[in-house]
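Listed below, chain by chain, are the residues.
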Amino acid sequence: MLLRQSIATLVVVAGVLCDIVDNKVEDCNLPQDLVNEIASYAPIVQKIINTSVNGSFKGITYNELAYFVDKFGNRISGSQNLEDAIDFMIKKSSASGLDNVHGEEVPVPHWIRGSESATLVAPRSKNLTILGLGNSIGTPPEGILAEVLVVKSFDELNAKAEKAKGKIVVFNQDYISYGQSVAYRGQGATAAAKAGGVASLIRSITPFSLNTPHTGMQSYKDNVTKIPTACITVEDAHLLQRLQNEGYTIKILLKMEAQTLPDVTSRNVVAEIEGTKHPEKVVIVSGHIDSWDVGDGAMDDGGGVFISWGALALLKNLNLKPKRTIRSVFWTAEEFGYVGASGYAQQHQNETDNFVFLMESDIGTFNPVGLEYAGGATGYCIVQEIAKLLAPINATKTRQSSSVGSDIEIWTGNGIPGASLDTENDKYFWYHHTPADTLDAEDTAALDKNTALWASVAYVIADLSIDFPRDSLKTKN
C-alpha cells in the first residue's frame, strides 16, 4: 500500500534506512529526534509497568480471566456459551469506562461434537481417547467397524492406497513442528477418503502427551467423499503402529454424533480509548474470544482477550489518552477459520487506510520476552526502539517475521504493520486444543507483565508524532 505523504516525506528527507540481512536488522539510522521522542516515553512506560506489575492493577488481569473462564467455560463458535461471554465482555468494557463499546454482528459456523467413542476390538479390547475434528461428519448410529491401516505419512498412504480401501486410516506422523505437522489434521480425512478409507484417525498435533487428545479444525476438499475424522492420543497412535508392525489385524469401532447445523449470528466485541488528536486513526490490540469445546479456553485465547481488555482498562485507570485511538477487538469464531476477523475486514474495508498498527496475542500469555513484528525495515527499527522501554520486565527482544498473529494476518499480509506477543511459550502446544487448557496454564505475574507490555506498546505507537510507517522490507543484494 502507498505510504501516507507525511511518512514518505520523513523517510525520504531524513534518509531512514534499516538494512536487513538474514531477517536481522544490520543497521538502523532513524532520525535522532525520533529516537529521542521514543526514549522520552520511558517515564510513562515505567508508570504503566509499575501499576500493572506492582501497583493497583496487579493481579487484575488474572482475576478477571479466572472469573470469566470459571463462569463461561469453553466457548465454541455457534454456542450459547460464546454469546453469553460476548454479552459479559461488552458489559465489562462499558463498566470500565471504555469508549465506543459495542458488538458487531457476523455469521459464524455451528458445528457440534455430540457423543463420540473409539473402541479397539481386535487384537484386544481397549477404549481409545478421541476428539472429533471441527467440521467432521458423524458416523451412522451403529458406528463404523472396520480394519485399520496405520501410515506414517501421506507418501506412505499413497504407496499403500490399495490397502486403505474400506479401512479406518490412522496417521501416526512424526511431530516436526506445529506448522508442518498440522497438515495431517487439516488434510488427513481428504487424503484417506481419496484412498478409499471409511474414516480417519489422526495422531494429535503436539510434541508432548500425557494421553491427552488435541482437537482442531479440518477441511474437506470439494468432490471428495466426506468421512468421519478425529484425533487420537500420541500414545494410542504408537500402540496401533506397534500392533501393525507385529502383524496383528487391527479393528476399531468408531462412533461419532458430530454434525454441522446452520450458521448463527455472533459478534466481534469492540472497545476503545478514543484518540485526542487523530481519533480516526487506530491502533488495534486483540485476541479471540471463542475457543474449542474442550477445556476452558483460558490459554487459547482467554489470556489474549484479557490482556487486550486489560491494556485499555489500565490506560483508562491511569488517564492516559494517546493522540490516536487504541481499539480492542475480541474476534469471534477464530477457530473455524478467522471468521470474525474476515467479517470485520469486510465491514471496515473503507477504514483500513486508518489502521496504523495491529497487535494480536494468540500463542499464549506466558512470561513475555518481546514482540514478533511483521512489516517494513523502518518500522522494525522503530519497534526495536520501543522495545528498549520494556527493559524493566525483560521483554526487549524483537524478531521479524513474514506472518504474525492469526486474525490480524488479513491486514499484515496486505502491508499494514503489526506484531504478536512473543513469550516463553515452549509448552503452548502441550495444552493447545485439549481439556488441559484451563486456568492452571496461566500465571498471574506473567499476565501482569503482558498487560503492561500490551498497554505500553499500543500507547507509544498511538501517541507518536508520526504515523507508524508502511515502508517496504529492504534487503541487501
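Residues numbered from 1 in each chain as written. Predicted model: local features only at pLDDT ≥ 70, side-chain atom pairs only at ≥ 80, totals over all residues. Heavy atoms only, no water.

Trainee: How should I be thinking about the confidence of the model for the chain in this particular structure?
Mentor: For residues with low pLDDT, the predicted coordinates do not support detailed interpretation. Taken residue by residue, the chain gives an average pLDDT of 93. The fraction at 70 or more is 93%. Note on residues 1-26: pLDDT under 50 across the span, and 59 contacts to partners over four residues away in sequence or across chains. Predicted confidence for residues 473-477 stays below pLDDT 50, and this span has 16 contacts to residues more than four positions away or in other chains. (pLDDT = per-residue confidence, 0-100. Contact = heavy atoms within 4.5 Å.)

Trainee: Would you explain helix α15 (residues 444-463) in this entry?
Mentor: An α-helix turns once every 3.6 residues. As a result, residues three or four positions apart point the same way. In this model α15 runs 28 Å from its N-terminal to its C-terminal C-alpha over 20 residues, within 8% of the 28 Å that 1.5 Å per residue would give. With 18 of 20 residues buried, α15 is to be regarded as a mostly interior element. The backbone nitrogen of Ala-445 lies 3.2 Å from a side-chain oxygen of the residue at the head of α15, namely Asp-443. (Helix = DSSP H or I, 4+ residues; strand = E, 2+ residues; numbered from the N terminus. Expected span 1.5 Å × (residues − 1). Buried < 20%, exposed > 50% of the residue type's maximum accessible area, 1.4 Å probe, protein only. Polar contact = N/O pair within 3.5 Å; in protein donor to acceptor, adjacent residues only side chain to side chain.)

Trainee: I tried to follow the layout of surface pockets on my own but got confused; where do I start?
Mentor: Here the idea is plain: a probe the size of a water molecule rolls over the atoms and shows the empty space left. Reported here for the largest pocket is a volume of approximately 700 Å³. In terms of lining residues, the largest pocket is bounded by 28 residues, among which Tyr-178, Glu-334, Tyr-338, Asp-362 and Ser-406 are the most central. When residues of the lining of the largest pocket are traced back to their parent elements, those giving at least two are α8 (178-194), β18 (418-423) and α14 (428-431). By residue class, the composition of the lining of the largest pocket is 9 nonpolar, 10 polar and 9 charged. (1 Å grid on protein atoms, 1.4 Å probe; cavity = no way out; pocket = protein on both sides within 12 Å on 5 of 7 lines; lining within 4 Å. Points joined across faces, edges and corners; volume = space filled by probe spheres on them. Nonpolar A, V, L, I, M, F, W, Y, C, P; charged D, E, K, R; others polar.)

Trainee: What is the right way to look at the nonpolar core in this model?
Mentor: As a rule of thumb, nonpolar side chains are buried together in soluble globular proteins. Counting residues in hydrophobic clusters, the biggest one holds 74 residues, and the most contacted among them are Phe-68, Met-89, Phe-357, Ile-382, Leu-453 and Trp-454. Top contributing element to this core by residue count: α15, with 11 residues. For Trp-454, the contacting residues outside a window of four places in its chain are Val-285, Ser-286, Ile-307, Ser-308, Ala-311, Met-359, Glu-360, Ser-361, Leu-371, Ala-419, Ser-420 and Leu-421. Counting 34 residues, the second-largest nonpolar core is a separate cluster that includes Leu-131, Ile-144, Leu-239 and Trp-292. (Core = buried A, V, L, I, M, F, W, Y, C linked by side-chain atoms within 4.5 Å.)

Trainee: For this particular structure, what's the right way to read empty space enclosed by the protein?
Mentor: Considering all chains together, one arrives at 2 cavities of 30 Å³ or more under this definition. Of the pockets and cavities examined, the second largest cavity occupies roughly 40 Å³. Surrounding the second largest cavity, Ser-291, Trp-292, Val-294, Gly-297, Asp-300, Glu-335, His-433, Thr-434 and Asp-437 form its lining. Among the residues making up the lining of the second largest cavity, the classes are represented as 2 nonpolar, 4 polar and 3 charged.

Trainee: Help me understand the pattern of salt bridges, please; the structure alone is not making it clear to me.
Mentor: Oppositely charged side chains can form a pair if their charged atoms are brought close together. With the rule as written, the count across this model stands at 17 salt bridges. We note a salt bridge from Arg-113 to Asp-293, for which the minimum N-O separation is 2.8 Å. Here Arg-113, found in the loop between β3 (99-112) and β4 (116-122), pairs with Asp-293, found in the loop between β13 (278-288) and α10 (298-317); they are 180 residues apart in sequence, far enough to count as distant. Relative accessible area serves as the criterion here: at 10%, Arg-113 is assigned to the buried category. Through salt bridges with shared partners, a single ionic network connects Glu-83, Asp-87 and Arg-267. (Salt bridge = Lys/Arg side-chain N within 4 Å of Asp/Glu carboxyl O.)

Trainee: Looking at this structure, I do not really get the environment of Trp-411. What am I missing?
Mentor: Inspection of the secondary structure puts Trp-411 in helix α13 (residues 409-412). Distance in space between the C-alpha atoms of Trp-411 and Tyr-184 is 27 Å, their sequence separation being 227 residues. When neighbours within four sequence positions are excluded, Trp-411 is seen to be in contact with Trp-331, Ala-341, Tyr-344, Ala-345, Thr-352, Phe-355, Leu-358 and Ile-416.

Trainee: When you look at the sheet that holds strand β7 (residues 144-151) in this model, what are you seeing that I'm missing?
Mentor: Hydrogen bonding along the main chain pairs the strands of a sheet, whether they run parallel or antiparallel. Spatially, 8 strands are ordered β5-β4-β11-β7-β8-β9-β10-β6 in an open sheet, and the strand pairing comes out mixed. Because the sheet does not close on itself, it has two edges, and the strands there are β5 (126-128) and β6 (130-132). Taking each pair of neighbouring strands and ignoring which way they run, the sheet shows an average axis angle of 30°. In this structure, β4 lies alongside β5, joined through 3 bridges in antiparallel fashion. Bridge pairing links Leu-120 to Lys-126 in β5. (Pairing = 2+ DSSP bridges. Axes fitted to C-alpha atoms, helices over the stretch in contact; angles between N-to-C directions.)

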